[in-house]
Amino acid sequence: MTIRIACLQLDIAFGDPQKNEQQAEKAVELAVKEGADIIVLPELWTTGYDLTRLDEIADDNAERAKTFASRLAQTYGIHFVAGSVAKKTDAGVTNTMIVANRNGQIIKEYSKVHLFQLMDEHLHLQSGNEPGLFSLDELSCAGVICYDIRFPEWIRTHALSGAELLFVVAEWPLPRLHHWRTLLMARAIENQCYVVACNRAGSDPNNVFAGHSLIIDPWGEILAEADEDPGILLADIDPALVRDVRSRIPVFADRRPRLYEETTKKFFKTY
Ligand SMILES: NC(=O)CCC(=O)C(=O)O
């Protein structure tokens with residue numbers, strides 16, 4: 001059984017949630033016409049990185065984003081990994097991914113665990129402390145946000161918990177395109193899972209973004225890759241390939257976790 005994935009590589013209007021919702025809805029309609037089963041949006045797709053105006057534009061408890069995701073998922077009968085939004089909570093604002101299943105139920109909220117200082121996230125956002133695990137039908141999934149992919153131990157934790165498909169939502173800048181592609185391929189190969197990575201296109205006052213959304217299979221082969229422009233990236237995935245790759249090279253069974261722990265205890269240095 002194959003599943004058609006669509007990454008909506010949008011150019012996000014800076015600090016303009018209403019405009020971004022309108023263009024996201026149009027892109028969802030187009031992806032549905034292309035037969036998408038699962039649709040993915042980028043990181044902070046309602047506000048962009050307009051972090052100094054979060055008091056005004058962050059979404060109270062992400063209610064607006066959740067209503068949007070739920071409505072479109074139910075209307076079109078799609079699973080919707082509805083990117084991340086700035087979610088206003090009593091404890092501050094988090095960068096939170098929203099996932100709706102095809103019945104329109106919100107089945108996951110994941111808040112970015114590693115805040116990216118180079119883009120001032122630590123000054124305006126609170127980090128999350130929970131894993132990004134969820135299921136879509138029979139498929140075990142995980143979702144993480146942009147800078148999180150630099151932490152292989154965090155992604156491994158999700159793979160060890162059963163994730164077969166890793167969603168990455170991002171606003172990754174162009175100067176580090178090489179890191180983006182390489183890290184995503186490595187995460188797919190080492191965890192023997194599909195990686196579906198949806199980046200934004202365009203620029204904001206501080207950054208030009210890389211685009212190059214990617215859909216990678218558990219062998220690390222690129223099934224589809226966008227260029228730098230806005231657009232919809234499509235690919236069909238077959239979840240059975242994950243089990244096949246994991247049985248051919250049994251990386252999970254061959255791990256030596258006790259040795260890693262002992263070595264860390266003996267030689268660990270703080271940086
Ligand atoms: N939005 C982000 O987390 C960007 C991460 C990034 O650019 C990196 O190099 O890491």
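Quantities reported herein were computed from a predicted structural model and do not represent experimental measurements.

Undergrad: Can you explain helix α1 (residues 17-33)? Please cite residues and give values.
TA: Its 17 residues give α1 an end-to-end C-alpha distance of 24 Å, which sits within 8% of 24 Å, the value for a rise of 1.5 Å per residue. Along α1, the positions that sit buried rather than exposed are P17, N20, E21, A24, A27, V28 and A31. Along the axis of α1, the buried residues cluster in a sector spanning 130°; they form a single face. Projecting away from the buried face of α1 at angles above 90 degrees are the exposed residues Q18, K26 and K33. In the core, the buried residues of α1 are packed alongside β1 (3-9), β2 (38-40), α2 (54-57), α3 (63-76), β4 (79-89) and β13 (231-237).

Undergrad: Describe the packing of helix α5 (residues 152-160) against helix α6 (residues 177-191), and please don't skip the residues or the numbers.
TA: Direction vectors running N to C along α5 and α6 enclose 40°, while the axes themselves pass 10 Å from each other. Comparing their axes, α6 and α5 come out oblique. With respect to the hand of their crossing, α5 and α6 are arranged in right-handed fashion. Contact residues: α5 offers P152, I155, R156 and A159, while α6 offers R187, E190 and N191.

Undergrad: Mind laying out unusual backbone geometry, listing which residues take part and the relevant values?
TA: At A62, a position not held by glycine, the phi torsion is positive, near 60°. Examined against the element boundaries, A62 turns out to sit in the loop between β3 (59-60) and α3. Residue classification places A62 among the buried positions, given a relative accessible area of 0%. For D137, which is not a glycine, the phi torsion comes out positive at approximately 50°. Mapping D137 onto the fold places it in the loop between β7 (133-136) and β8 (139-145).

Undergrad: Requested: an account of a nonpolar patch on the surface, with residues and values cited.
TA: A contiguous nonpolar patch, built from L30, I232 and L234 and spanning about 220 Å² of accessible area, is present on the exposed surface. Its place among the elements puts L30 in helix α1. The class for L30 is partly exposed, based on a relative accessible area of 48%.

Undergrad: If you had to explain the site of the ligand to someone new, which residues and values would you point to?
TA: Around the ligand lies a shell formed by E43, Y49, K112, F116, M119, C146, Y147, R150, E171, W172, P173 and R176. Here an oxygen atom of the ligand and a backbone polar atom of Y147 are 3.2 Å apart. Note that an oxygen atom of the ligand is positioned 2.6 Å from one of the side-chain N or O atoms of R176. Its free accessible area being 290 Å², the ligand has 100% of it covered by the protein chains.

Definitions and limits used
- Residues numbered from 1 in each chain as written.
- Predicted model: local features only at pLDDT ≥ 70, side-chain atom pairs only at ≥ 80, totals over all residues.
- Heavy atoms only, no water.
- Helix = DSSP H or I, 4+ residues; strand = E, 2+ residues; numbered from the N terminus.
- Expected span 1.5 Å × (residues − 1).
- Buried < 20%, exposed > 50% of the residue type's maximum accessible area, 1.4 Å probe, protein only.
- Arc of directions from axis to C-beta.
- Contact = heavy atoms within 4.5 Å.
- Axes fitted to C-alpha atoms, helices over the stretch in contact; angles between N-to-C directions.
- Parallel < 35°, antiparallel > 145°, perpendicular 65-115°, else oblique.
- Left-handed = near helix turned anticlockwise from the far one by under 90°.
- Patch = residues over 30% accessible without salt bridge, like charges linked within 9 Å, V, L, I, M, F, W, Y side chains within 5 Å.
- Areas by Shrake-Rupley, 256 points an atom, 1.4 Å probe, with all protein chains shown as cover.
- Salt bridge = Lys/Arg side-chain N within 4 Å of Asp/Glu carboxyl O.
- Near = heavy atom within 4 Å.
- Polar contact = N/O pair within 3.5 Å; in protein donor to acceptor, adjacent residues only side chain to side chain.

Remember, this is a structural readout, not a statement about activity or role.
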